[in-house]
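Single-letter residue listing:
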Amino acid sequence: MTNLDFLSLGAARAAVARSSLHRRLEDAGAEFAERDGWLVAVRVPGEEDHVPAIRDVTHLHRVREGAAGAVIEFRAPGREPVVVERRWNGSLDELLDVSAGTAALQIEGPGATQVLARMTELDLSELPVVGQVAHTRAWVIRDGEESYRLVFGQEFGHYLWEVAVDAAEPLGGGPGGTP
Amino acid sequence: MRLAEQPRELLDRTQPVSVLFRGSPVPAFAGDSIGSALYGAGQRVFSRSFKYHRPRGLLCCSGHCANCMMTVDGVPNVRVCVEPVRNGVRVEPQNVRGSLENDLMAVTDKVGGPFTPVGFYYRTMIRPRRLWPLYEKFLRNAAGLGAVDKHAGRTRRFDTENRQVDTLVIGGGTAGLAAAREAASRGEHVVLVDEGPEPVAGQPCEVLAPARAIGIYEGNLVPVDAGPTLVRFRAGRIVVATGALEQPLLFPGNDLVGVMLPGGVRRLVDLWSLRPGKRAVVIAADEGSLGIVDELARGGTEVARVVDLRSERLGRIVARGRRGHLVRVELDGERIDCDLLVASGGRQPAYSLLAQVGARVEYDANRGIFVPTDLPEGIEAVGAVTGDVGDAAVPAATYNGAGTKGKCFACICEDVTDKDVKRAIAEGFDSIELAKRYTTVTMGPCQGKLCHLPSIRLYARETEAPEAEIGTTTARPPWTPVSLGVLAGRPHEPAKRTSMHHRHKDLGAKVMWTGAWRRPHSYGDPPAEAKAVHDSLGVIDVSTLGKLIVRGPDAAAFLERLYPNRYGDMKADRIRYGVLGTDGGRIMDDGTIARLDEDTFYVTTTSTGADTVIEWFEWWNAVWHLDVDVTNVTGALAAVNVAGPNARELMRRLTDLDVSNEALSYLDARRTHVAGAPTLILRIGFVGELGYELHFPSPFGVHVLDAILEQGADLGVRPFGLEPQRILRLEKQHILVGQDTDSESNALSASMPWIVKWDKDDFVGKWSLEQVRERGIYERLVGFELADAIPGVPLEGGQVVIGGRPGGRITSARWSPELGRVIGMAWVPPALARDGAEFAIKMNGGVEKARVRLSPFFDPEGGHLRS
Amino acid sequence: MSFLLPCPNCGPRDVNEFAYQGEVTTRPKESPTLRELTSYLYFRRNVAGVQREWWYHRHGCQAWFQAERDTRTNEVLLTELPRAPEGEGAPGAGATPAVGENPAV
């Protein structure tokens, strides 16, 4: 198989990665630290009062996707990995790592379900699914009673962050960091 | 007058509140509606009618008619009869000049009648035509509802929420509650919605109230207006329990203040403990309506006369008023003084939601009502809406006779009288759909709830056809008026941004839309940015390009079938330009194809065409089932183009790769690291100077751009946007698909015949192109320039004039700072596609001369590109 | 429009998750006459009744599939993934692309 390293985040030599949500978190006054080659928002002022919290988890996710299906993983040190596999047809071994093309955010805490119900028509009792969220395509994964992760095209990062934080605001939610 | 505490009143008398009506405080209690508060303070006139400005009072007290519409806290057309009070709420009347009691526009009632019959605006105020703006201004001011405050901005927040339920029950009366209870007992997830204002008697399941179902759409989708939130329900099963609506009787004076429906009176007394009048006459067609006599007794109203239309026949009813208020009723000559007339012609099932979703509606002649039938799967109806309205008399179409004076309204919302309906039929509008549109009956705020059935009865009498033959008009959503804000929800616009977007803004970019992308138009000085590319070094963000990895044993064969070009003979790490066509031979998109190895190709597309091309590739492979995999990496890879004489020196500083012209030539592809990021380098040249297109993972966008700006600083690097890029590519006559080509253009007429490899067996569009080649082309895309002396730049889309007639069009035109003249591209007749040929273009108020140039304006040999 | 379209991979979803590509047509097997070519390119049956058509699950699994839908009522009778052409090997570059019996395109 030919060298497709130019797709691979792991093949970098001393290049710093930013998620497409970076500037939004910067505007919210976040503190950043370097984690595994990424600039991560580790703390956002006021996050203690934001319930549910909206967090950027792009740096923790990996996606391999193609016509055969998809494999999505979230790995964070000291936490249980979240792994989702969906197979439409064919083998999942041939999938390309296209993690550079997606961003991920987490909606966590009481009210998360209602926030998500204001962003999508998808039936949240039948997760994980990939479908329409806020007029764009996203994977919706549940990793707790009131905890969800969205994986979507990184070019919509700015927009989806805006939609999620706005939907959460009247319910008491807001941005949070990823320590 | 406020009564002593009633058993089912909604009031909390321990919580007084104040309503500001016309600036003055009006006392009320929590639990009052604004309408009940005003009524309790003595207000009887609530609005002035649409056309005639007649005074109108409370009629239905259920939010159906238009009589109580006022402007509340700046929001027009609020039905105050059901709008809950809030302390300090500001309430103003609307559509009056003067006051509610003394509306100057009431002159239209006295005098305007003969001048403004039904459909008058189709026959008058036509000539002289130039006076129409004046007529329109007059009409708009004279008639109407409330006014929208154009400066209100976003004063309210509306959210949209999605819910899935097993069963949705619409209507919280007896039948609806029973259905909800039954479904819940079966373990179903049930939600019940009710429009209020009575509270739902019991909680068999989750109840949403006050909440109005707007319609039933395909897929059992029911949007419910629940105040600040629009709740979109998807239900496995919908139970419609919307009940039946009391229908007014038609007689002269039926719109006077003091004429009310039984339900309206019931609510005034039971819910808000108000006495509805001193002395009343009751005319009813069914048992339930007759029961209002009890309420009236409880409220201390004297009941002077009761008519049960089931047993007593009436020929004539006339209501007489003074200054619009009821003072007397005449029944077949018998005169009864009164200030309240409770009149009802029976109850019509509220079938609209059922009709919207496909139910049929049938006329029951015995009871004089329309009944829904043939419900589709997944929809049920219970209670009065099924036609279960009890024993009722069928009222007469009208209760006036020849010579009876006074307007008899068929449609109170729109001020349409029985004479108007007769006239419309006489003019030939004798089918109900036509008559509706001509008279506007049922088109007002009540949407036919109070006038559809009575008007059908009237048509039936006037055309001497049975009601069953007349039928009903089509029921459409919204079933109740709904504000646009609720439908709009939150103001979010799906926008795509590259990973370098904010750095562009930091650098002063002027951002524009291209398709769904936000992109820099320029950084403030397009000519200077274009000049920098020629003189030193420019960098542009092209991350928006569509990008595909096509791989597998059949990858080459797949591309051969899709494109007119040849790809099978490409060597690894080489690039070719490609033009994608439809099976009709039309140009769809263009881009570059790099061969990475035997079985792997890297395809780029235009930015706005990316989604279409990917879907196109996937579709053809769904048909052919070749052994090939197509992966969309458009978002995964960011891309920048660095171009200019100093581009090579920049590349030397950013990468270890040998970037000499021998090692990395024009149309070569290389994989390496640039600024520490794994990168695919494509040496191509859309902007005509030595250039390198760098493709690398999106998250490194800012990192790489910053490195370029830093390392290129002493090389004169300057970021450039879409506008300078357009100038540069035009200098090279590089086409923009969709700008220079349209849905008719093919490779031959677009002057790219070399793209098509006729010896290939088959490819998408081959047969069509063969036809074009055989039959000849009728237009050619050429470059052109204007002589120096001509001022201005021709409009894109501007006309090419041949023999005094339109003979072509301009697709692109710009002033080139590098060349010092206006250049462009245009479609012209093939005979003119000769270097140096002249043609005329429409510009500067006349025509100007343009000269054809068939080869690129700048560096036609391509020396810069290949250097 | 809000009917539910059952994607063969994902199950019933709101139709707005999908892109519609029109009637399933039959591409001519060999070089067509001008009339046959025009008919294939531009004429459609456009039935008021059950139509076989292409859909793409743009916001979901991104598979292309075919549906049979009654155009009068939007009732979807069936959906299925397109079948591979029978008995076709994968042709090499330059070989005649054959469409086979698949009534697609």
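Residues numbered from 1 in each chain as written. Chains lettered and ligands numbered in written order. Predicted model: local features only at pLDDT ≥ 70, side-chain atom pairs only at ≥ 80, totals over all residues. Heavy atoms only, no water.

### Topic: the overall build of chain C
From N to C terminus, chain C includes one helix and six strands. Walking chain C from its N terminus toward its C terminus, one meets helices and strands in the order β-β-β-α-β-β-β. Put simply, chain C has 105 residues, and 49% of those count as buried. Of all intrachain contacts in chain C linking residues separated by at least 6 positions in sequence, the fraction that spans at least 24 positions is 49%. Within the structure as shown, chain C displays about 5500 Å² of accessible surface, and the carbon and sulfur contribution to it stands at 49%. (Helix = DSSP H or I, 4+ residues; strand = E, 2+ residues; numbered from the N terminus. Buried < 20%, exposed > 50% of the residue type's maximum accessible area, 1.4 Å probe, protein only. Contact = heavy atoms within 4.5 Å. Areas by Shrake-Rupley, 256 points an atom, 1.4 Å probe, with all protein chains shown as cover.)

### Looking at the overall build of chain B
The secondary structure content of chain B amounts to 21 helices and 46 strands. For 867 residues, the compact-globule estimate of 2.2 N^0.38 gives 29 Å, and chain B exceeds it by more than 25% at 37 Å. The C-alpha extent of chain B, read off along each of the three principal axes, is 110 × 70 × 55 Å. Of all 867 residues assigned to chain B, the portion counted as buried reaches 59%. (Rg over C-alpha atoms; globule rule 2.2 N^0.38 Å.)

### Some thoughts on the sheet that holds strand β19 (residues 325-331) of chain B
All names here are of chain B. Ordered in space as β18-β19-β20, the three strands form an open sheet in which the pairing is antiparallel. Each edge of the open sheet carries a strand with a single partner, namely β18 (317-322) and β20 (334-337). Each strand axis lies, on average, 25° off the axis of its neighbour in the sheet, ignoring direction. (Pairing = 2+ DSSP bridges. Axes fitted to C-alpha atoms, helices over the stretch in contact; angles between N-to-C directions.)

### A word on the confidence of the model for chain C
Of all residues in chain C, 80% have pLDDT values of 70 or greater, and the mean over the chain is 83. Below a pLDDT of 50 lies the segment residues 87-105 of chain C, which in the model reaches 38 contacts outside its immediate sequence neighbourhood of four places, other chains included. (pLDDT = per-residue confidence, 0-100.)

### Some thoughts on the interface of chain B and chain A
Contact with chain B, which involves 50 residues of that partner, is made by 47 residues of chain A. Looking at the side of chain B facing chain A, the largest losses of area belong to His492, Arg551 and Pro699 of chain B, adding up to 14% of the total buried there. Put simply, chain B and chain A have eight salt bridges between them. Two residues, Asp166 of chain A and Arg157 of chain B, come together in a salt bridge whose shortest N-O distance is 3.3 Å. Counting every contact that joins chain B to chain A gives 25 residue pairs in polar contact (both at pLDDT 80 or more). Among the elements that take part in the side of chain B that touches chain A, strand β8 (residues 159-170) of chain B stands out by supplying five residues, more than any other. Residues of the side of chain B that touches chain A, tallied by class, amount to 18 nonpolar, 16 polar and 16 charged. (Buried area = accessible area lost by both parts, 1.4 Å probe. Salt bridge = Lys/Arg side-chain N within 4 Å of Asp/Glu carboxyl O. Polar contact = N/O pair within 3.5 Å; in protein donor to acceptor, adjacent residues only side chain to side chain. Nonpolar A, V, L, I, M, F, W, Y, C, P; charged D, E, K, R; others polar.)

### What to know about the packing of aromatic side chains
Residues and elements named next belong to chain B. Scanning all chains against the criterion turns up 22 aromatic pairs over all chains. Centroid distance Phe429 to Tyr438: 3.9 Å. Interplanar angle 10°. Geometry classified as stacked. Residues Phe558 and Phe617 carry aromatic rings whose centres are separated by 5.7 Å and whose planes lie at 85° to one another, so their mutual orientation is edge-to-face. With Phe558 in helix α16 (residues 555-562) and Phe617 in helix α17 (residues 610-624), the pair connects residues that are 59 residues apart, well separated along the chain. The residues Phe558 and Phe617 share a single accessibility class, namely buried. (Phe/Tyr/Trp six-rings, centres within 6.5 Å; stacked < 30°, edge-to-face > 60°.)

### Some details on the interface of chain C and chain A
Counting residues at the interface gives 11 residues for chain C and 10 residues for chain A. Both faces considered, chain C and chain A share a buried interface measuring about 880 Å² in area, 47% of it formed by carbon and sulfur atoms. Counting the surface chain C buries against chain A, the share from its top three residues, Asn9, Arg13 and His59 of chain C, is 48%. Our enumeration of links across chain C and chain A arrives at zero salt bridges. Split by residue class, the side of chain C that touches chain A holds two nonpolar, five polar and four charged.

### Focus: a nonpolar patch on the surface
A surface patch of nonpolar side chains, amounting to about 230 Å² of accessible area, comprises Val50, Leu77 and Leu78 of chain C. With respect to the helices and strands, Leu78 of chain C occurs in strand β6 (residues 75-80). (Patch = residues over 30% accessible without salt bridge, like charges linked within 9 Å, V, L, I, M, F, W, Y side chains within 5 Å.)

### Some points on the sheet that holds strand β4 (residues 61-66) of chain A
Residues and elements named next belong to chain A. Strand order across the open sheet formed by four strands is β6-β5-β4-β7, with antiparallel pairing between neighbours. With partners counted over all chains shown, the strands left at the sheet margins are β6 (82-87) and β7 (96-97), one partner each. Taken together, the two bridges between β4 and β7 define a ladder with antiparallel strand orientation. Bridge pairing links Glu65 to Leu96 in β7.

### Looking at the packing of helix α21 (residues 766-775) of chain B against helix α1 (residues 34-42) of chain C
Where α21 of chain B meets α1 of chain C, the axes come as close as 11 Å, and the angle between the chain directions of the two elements is 130°. Taken as axis vectors, α21 of chain B and α1 of chain C run oblique relative to one another. The hand of the α21 of chain B/α1 of chain C crossing is left-handed. Contacts between α21 of chain B and α1 of chain C involve Trp767, Ser768, Gln771 and Arg775 of chain B from the former and Leu34, Leu37 and Leu41 of chain C from the latter. (Parallel < 35°, antiparallel > 145°, perpendicular 65-115°, else oblique. Left-handed = near helix turned anticlockwise from the far one by under 90°.)

### Quick word on the pairing of strand β36 (residues 637-643) of chain B
It is a general feature of regular strands that their side chains alternate between the two faces of the sheet. Residues and elements named next belong to chain B. Among the seven residues in β36, seven count as buried, and that is most of the element. Burial of the side chains of β36 extends over both faces: Leu637, Ala639, Asn641 and Ala643 are buried on one face and Ala638, Val640 and Val642 on the other. Pairing geometry for β36 and strand β39 (residues 691-697), over seven bridges, is antiparallel. Within β39, the position partnered with Val642 by the bridge is Tyr692.

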